Structures are given as C-alpha cells and as structure tokens.
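An overview of the molecular structure
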Amino acid sequence: MDQKIFTLGLPTETVSCYLLLTGLADQDLPLTRRGVEPLWAGDAAGFDAALGELERRGVIAIPEEADAPLRLLPPEMWRD
C-alpha cells in the first residue's frame, strides 16, 4: 500500500477498495473481479464505482477479459 492514496482526495469507499486490493495482493491472492467482489462489504454498484474511480485516477488497470486480474499501478502513474 502506498500512503499517497490518502492525498488524492478520493471518497472513503474508493480508498477502502484500494486497501482491499492491496491487502489481497500482499497475500499473493488473485485480483479478479469475481474473487474480490464477494469480499467487498458494500453493494455491487459501490464496488463498480470504486473500481471505476481507481481506474480513472490511474491507480489500477482493469482488463477487458472478465477473469483477468486487475493490476495495481505504481504511484508514479496516479493522477491527482
């Protein structure tokens, strides 16, 4: 996890999604939507919104294939 996530002014739900993803990645677990969504405490719409915001900010890359893993991108690629 990079502390920079807290300086981007993101909604709490979006930061929570990032923390979930980095926690799973730290455990070397796959970051597929199907694998992560059941662990999300909120609803599906909130999960999709959080992922979309993380992608727009360059924090993650979402693949076109449904079962392909999400990619966490380095902080140097993040957009304020």
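Above this note sits the structure.
As a starting point, this report considers the structure included with it. The structure displayed is predicted, hence computed values, not measured ones.

1. What about the overall build of the protein chain?
Scanning the protein chain from terminus to terminus reveals 3 helices and 2 strands. In terms of overall dimensions, the protein chain is globule-like: its C-alpha atoms have a radius of gyration of 12 Å, near the 12 Å expected for 80 residues. Considering only residue pairs separated by 6 or more positions, the protein chain has 47% of its internal contacts joining residues 24 or more positions apart. Working note: accessible area of the protein chain is about 4,700 Å², and carbon and sulfur atoms make up 53% of it. Computed over 7 positive and 14 negative side-chain charges, the separation of the two mean positions in the protein chain equals 5 Å.

2. Points about the pattern of salt bridges
Applying the stated criterion to the full structure yields 4 salt bridges. Measuring nitrogen to oxygen at the nearest pair gives 2.4 Å for the salt bridge that ties D48 to R33. Within this pair, whereas D48 is found in helix α3 (residues 44-56), its partner R33 is found in helix α2 (residues 33-36), the two being separated by 15 residues in sequence. Exposure remark for D48: the relative accessible area of 39% places this residue in the partly exposed category. Between R57 and E53 there is a salt bridge, with its nearest N and O atoms 3.3 Å apart. Under the relative-accessibility criterion, R57 is labelled buried at 16%. Connected via shared salt-bridge partners are E53, R56 and R57.

3. Re a nonpolar patch on the surface
Residues M1, F6 and L19 make up a contiguous nonpolar surface patch of about 290 Å² in total accessible area. Within the secondary structure, M1 sits in the segment before α1 (12-26). What makes M1 partly exposed here is its relative accessible area of 48%.

4. Some details on the packing of α1 against α3
At a minimum axis separation of 9 Å, α1 and α3 run at an interaxial angle of 85°. Considering their axes alone, α1 and α3 lie roughly perpendicular with respect to each other. Across from E13, T14, C17, Y18 and L21 in α1, the residues of α3 making contact are G46, F47, A50, L51, E53 and L54. Residues of the contact of α1 with α3, tallied by class, amount to 7 nonpolar, 2 polar and 2 charged.

Definitions and limits used
Residues numbered from 1 in each chain as written. Predicted model: local features only at pLDDT ≥ 70, side-chain atom pairs only at ≥ 80, totals over all residues. Heavy atoms only, no water. Helix = DSSP H or I, 4+ residues; strand = E, 2+ residues; numbered from the N terminus. Rg over C-alpha atoms; globule rule 2.2 N^0.38 Å. Contact = heavy atoms within 4.5 Å. Areas by Shrake-Rupley, 256 points an atom, 1.4 Å probe, with all protein chains shown as cover. Lys, Arg positive; Asp, Glu negative; His and termini not counted. Charge placed at Lys NZ, Arg CZ, Asp CG, Glu CD. Salt bridge = Lys/Arg side-chain N within 4 Å of Asp/Glu carboxyl O. Buried < 20%, exposed > 50% of the residue type's maximum accessible area, 1.4 Å probe, protein only. Patch = residues over 30% accessible without salt bridge, like charges linked within 9 Å, V, L, I, M, F, W, Y side chains within 5 Å. Axes fitted to C-alpha atoms, helices over the stretch in contact; angles between N-to-C directions. Parallel < 35°, antiparallel > 145°, perpendicular 65-115°, else oblique. Nonpolar A, V, L, I, M, F, W, Y, C, P; charged D, E, K, R; others polar.

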